[in-house]
Amino acid sequence: AQSVTQLGSHVSVSEGALVLLRCNYSSSVPPYLFWYVQYPNQGLQLLLKYTSAATLVKGINGFEAEFKKSETSFHLTKPSAHMSDAAEYFCAVSAEGTPLVFGKGTRLSVIA
Amino acid sequence: GAGVSQTPSNKVTEKGKYVELRCDPISGHTALYWYRQSLGQGPEFLIYFQGTGAADDSGLPNDRFFAVRPEGSVSTLKIQRTERGDSAVYLCASSLNGVRETQYFGPGTRLLVL
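What counts, and at which threshold
Residues numbered from 1 in each chain as written. Chains lettered and ligands numbered in written order. Predicted model: local features only at pLDDT ≥ 70, side-chain atom pairs only at ≥ 80, totals over all residues. Heavy atoms only, no water. Contact = heavy atoms within 4.5 Å. Buried area = accessible area lost by both parts, 1.4 Å probe. Salt bridge = Lys/Arg side-chain N within 4 Å of Asp/Glu carboxyl O. Polar contact = N/O pair within 3.5 Å; in protein donor to acceptor, adjacent residues only side chain to side chain. Nonpolar A, V, L, I, M, F, W, Y, C, P; charged D, E, K, R; others polar. Pairing = 2+ DSSP bridges. Helix = DSSP H or I, 4+ residues; strand = E, 2+ residues; numbered from the N terminus. Axes fitted to C-alpha atoms, helices over the stretch in contact; angles between N-to-C directions. Disulfide = S-S within 2.5 Å. Buried < 20%, exposed > 50% of the residue type's maximum accessible area, 1.4 Å probe, protein only.

**Q** Looking at this structure, how should I read the interface of chain B and chain A?
**A** In many reports, interface size means the accessible area that the parts give up when they come together. With 18 residues of chain B in contact, the opposing surface of chain A contributes 22 residues. A combined buried area of about 1600 Å² lies between chain B and chain A, and 54% of that area is made up of carbon and sulfur atoms. Area buried by chain B at its contact with chain A is led by Val99(B), Arg100(B) and Phe105(B), which between them contribute 40% of it. Our count for the contact surface shared by chain B and chain A stands at zero salt bridges. Counting the contacts that link chain B with chain A gives three residue pairs in polar contact (both at pLDDT 80 or more). Of the residues belonging to the side of chain B that touches chain A, the class tally is seven nonpolar, seven polar and four charged.

**Q** Got a minute to help me understand the sheet that holds strand β1 (residues 5-7) of chain B in this structure?
**A** Each strand in a sheet pairs with its neighbour through backbone hydrogen bonds, running either in the same direction (parallel) or in the opposite one (antiparallel). Residues and elements named next belong to chain B. Judged by pairing direction, the sheet is antiparallel, and its four strands sit side by side in the order β1-β3-β8-β7 without closing on themselves. Taken across any chain shown, the strands that pair with only one partner, and hence form the sheet edges, are β1 and β7 (65-68). Strand-to-strand, the axes of this sheet are offset by a mean angle of 15°, without reference to chain direction. When β1 meets strand β3 (residues 19-24), the two strands line up antiparallel, connected through three bridges.

**Q** Quick question: what am I supposed to make of the state of the cysteines here?
**A** Linking two cysteines covalently via their sulfur atoms produces the bond known as a disulfide. The full count for this structure, using the stated rule, is two disulfides over all chains. The disulfide bridge from Cys23(A) ends at Cys91(A), spanning 2.0 Å between sulfur atoms. When the S-S torsion is -65°, as for the bridge of Cys23(A) with Cys91(A), the disulfide is left-handed. One end of the pair, Cys23(A), is in strand β3 (residues 19-26); the other, Cys91(A), is in strand β9 (residues 87-94), with 68 residues separating them in the sequence. Judged by its relative accessible area of 0%, Cys23(A) is buried. Residue pairing for Cys23(B): its cysteine sulfur links by disulfide to Cys92(B), the two sulfurs lying 1.8 Å apart. Taking the torsion about the S-S bond as the criterion, the Cys23(B) to Cys92(B) disulfide, at about -70°, is left-handed. Of the two residues, Cys23(B) is situated in strand β3 and Cys92(B) in strand β9 (residues 88-95); the sequence distance between them amounts to 69 residues. Judged by its relative accessible area of 0%, Cys23(B) falls in the buried class. Residue classification places Cys92(B) among the buried residues on the basis of a relative accessible area of 0%.

Right, here's the structure in full:
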């Protein structure tokens, strides 16, 4: 079975500062990994996904994530936070033929 | 094109009542998923359709929950004898083919059981 752990239910950063949202996964087979963002009263939107190609994955809105098998991690980063990045972020894992398993989410606040 | 739509956006019902939640996937998407998101939690998988058939219903919590997709497009999630613990946001998603493809989510239906 797969599982995801997101460290930190709430992260607060200043505008222009580095964003780092942590995600660790557990999977007995090579995983596919995803980051989704959820803005208030909206559906989840895919930021990026890892599908066993390049380990550094670039997504929308300047976000990227690096797959590190040795650390079973898939942390999400952005060099410079914008006010518009304030939202809930979810990491998810999928293995062969299985539906997505989501973490509990990390709420990102951006301070002006 | 149009994204995934869900109706109603909000539903308030009384304990013991029956509710139906509807999902319209993106046109041409063969895979459809239902998730439940409780307050402060990530989405939790309920059921996954490939075409008209349920490929995986292992996430349905009990036999009060049932979902159908009779023509391989629109899906309805049905909850019988609702309980207060069923209160949550019910999310629907679709993907072009299988589970490893990008899932596109609808805005959800917020269900409140009084």
